[in-house]
2 protein chains.
Amino acid sequence: MTTTSRFEPVELTKAYRLLNHGPVTLVTSAHQGRRNIMSASWVMPLDFDPAKVVLVIDRNTYTRELMEQSGQFALSIPTRMLAAQVLAAGSSSGREHDKFAALGLKTFHGSNQELPLVAGCAAWLECRILPEPDNQQRHDLFIAEVTAAWADPACFSSGRWHFADEQQRTLHYTAGGAFFSTGESFEVDPGA
Amino acid sequence: MTTTSRFEPVELTKAYRLLNHGPVTLVTSAHQGRRNIMSASWVMPLDFDPAKVVLVIDRNTYTRELMEQSGQFALSIPTRMLAAQVLAAGSSSGREHDKFAALGLKTFHGSNQELPLVAGCAAWLECRILPEPDNQQRHDLFIAEVTAAWADPACFSSGRWHFADEQQRTLHYTAGGAFFSTGESFEVDPGA
């Protein structure tokens, strides 16, 4: 598979850089042979070392049910090529059918043989939920430790994002089917 | 002041759209005549109605001290024109001097006469902290209700971002002084 050849580990203390610019994510979860996927924008880093993330997952989603049963989930960071699937993954439920197949999404495994990672994405994070019943119940808020991370070196290497062309850029969701791609990169001299 | 003439209310149930694409923010706080500002990327929506946000604010910051004393803070969403100040606001402390003056940042007030909003930004949110001692102490995580929001209609109107030129685009921070601007906008047809 092409994807496995473009799949390199990201140092865990730099995993926050995969999410720091606020891209939309695909959340996948699996338990006892069942699996699901949904899109989520409300995902951000929480800590550097150990690397943690915090995300909001609605209590009515099937993805959440599988997250809570398995204690884990993965984040795949899609590029513009997958924008239509990202939108569709956020607006249908996978309770009744396999949403991956319905959306034409291929998956592969990282270090965890249960958790599907979405092929064709720019980066991936495997996460272990740190149980916080109060946050989960009252706020739909999950806190998790990042246990492994990878990126396609065509998009992210040496701790930096770099996008070769518009279709490989990561996505930022607003509302009603409207996205932004990640734009122009520039640096500010801290000494200036 | 030019800014006040380009400052229109955003419906609170649509305030999440100001943050949904993951822009870097400037967090301001004030208490009893003291005030401060810092940049923060780890900020995201938590709920639509009532509008809530969640953000990570390090326990050693002066901004946090003033947030905890006053129970409130504001978020200003800067554009590329302010990138140098955003970087500098994240790398110096305001304990010893007025960081607004040091950075050449002008401020104004929204509905709260204590909280400074940063002039020249694209949007602003005033927030009231919902006290969560456990999240604050263990995770540096703050949950707050958005009590008022505004945007510069040149950048955001009718619930949508629209950027006239590159310098007016919002920012996404990665690391080491490297930013992305918010890129190309596009829509996916949900029926497709």
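That block above? That's the structure.
Predicted, not measured: the structure shown is a model, and the values here were computed from it.

Participant: Just to check I follow, could you spell out the overall build of chain A for this structure?
Facilitator: Along chain A, the regular secondary structure elements total five helices and 14 strands. For a compact globule of 192 residues, the expected C-alpha radius of gyration is about 16 Å, and chain A comes in at 16 Å, within 12% of that figure. Over its C-alpha atoms, taken along the principal directions, chain A stretches across nearly 50 × 35 × 35 Å. The burial tally for chain A puts 61% of its 192 residues in the buried class. Of the accessible surface of chain A, which amounts to about 7500 Å², a share of 48% is contributed by carbon and sulfur atoms. Here chain A holds 16 positive side-chain charges and 21 negative ones, and the gap between their average locations is 3 Å.

Participant: What should I look at first to understand the relation of the copies chain B and chain A in this one?
Facilitator: Mapping between the two copies of the chain is achieved by a rotation about an axis and a shift along the axis. With an RMSD of 0.0 Å, the fit of chain B onto chain A corresponds to turning through 180° and sliding 0.0 Å along the axis. Taken together, the rotation and translation describe the operation of a two-fold axis. In this assembly, 100% of the residues forming the interface of chain B have copies in chain A that are likewise at the interface, indicating an isologous arrangement.

Participant: Whenever I open this one, helix α2 (residues 62–70) of chain A confuses me. Can you help?
Facilitator: Within an α-helix, residues lying three or four positions from one another point in the same direction, as the helix has 3.6 residues per turn. All names here are of chain A. Burial in α2 covers these residues: Tyr-62, Thr-63, Arg-64, Leu-66, Met-67 and Ser-70. In the core, the buried residues of α2 are packed alongside β2 (25–31), β3 (34–40), β6 (72–77), β9 (123–129), α5 (133–139) and β10 (141–151). For α2, the capping residue at the N-terminal end is Thr-61, with a side-chain oxygen 3.2 Å from the backbone nitrogen of Arg-64. Among the residues trailing α2, Gly-71 stands out with phi positive, at a value near 75°.

Participant: Help me understand the pattern of salt bridges in this model?
Facilitator: Think of it this way: side chains of opposite charge can pair up when their charged atoms draw near. Applying the stated rule across the entire model yields 30 salt bridges over all chains. Arg-95 of chain A is the salt-bridge partner of Glu-65 of chain A, the closest N and O atoms lying 2.5 Å from each other. Here the residue Glu-65 of chain A occupies a position in helix α2, and Arg-95 of chain A occupies one in the loop between α3 (83–89) and α4 (99–103), the gap between them amounting to 30 residues. For Glu-65 of chain A, a relative accessible area of 28% translates into the label partly exposed. A salt bridge links Arg-138 of chain B to Glu-132 of chain A; the shortest N-O distance between them is 3.0 Å. Here Glu-132 of chain A lies in the loop between β9 and α5 and Arg-138 of chain B lies in helix α5 (residues 133–139), a pairing that spans two chains. Take Arg-138 of chain B: its relative accessible area is 45%, and that puts it in the partly exposed class. Taken together, the shared-partner salt bridges in this structure form one network comprising Arg-59, Arg-64, Glu-68 and Asp-140 of chain A.

What counts and how
- Residues numbered from 1 in each chain as written.
- Chains lettered and ligands numbered in written order.
- Predicted model: local features only at pLDDT ≥ 70, side-chain atom pairs only at ≥ 80, totals over all residues.
- Heavy atoms only, no water.
- Helix = DSSP H or I, 4+ residues; strand = E, 2+ residues; numbered from the N terminus.
- Rg over C-alpha atoms; globule rule 2.2 N^0.38 Å.
- Buried < 20%, exposed > 50% of the residue type's maximum accessible area, 1.4 Å probe, protein only.
- Areas by Shrake-Rupley, 256 points an atom, 1.4 Å probe, with all protein chains shown as cover.
- Lys, Arg positive; Asp, Glu negative; His and termini not counted.
- Charge placed at Lys NZ, Arg CZ, Asp CG, Glu CD.
- Least-squares fit on C-alpha atoms with pLDDT ≥ 70 in both.
- Contact = heavy atoms within 4.5 Å.
- Polar contact = N/O pair within 3.5 Å; in protein donor to acceptor, adjacent residues only side chain to side chain.
- Salt bridge = Lys/Arg side-chain N within 4 Å of Asp/Glu carboxyl O.

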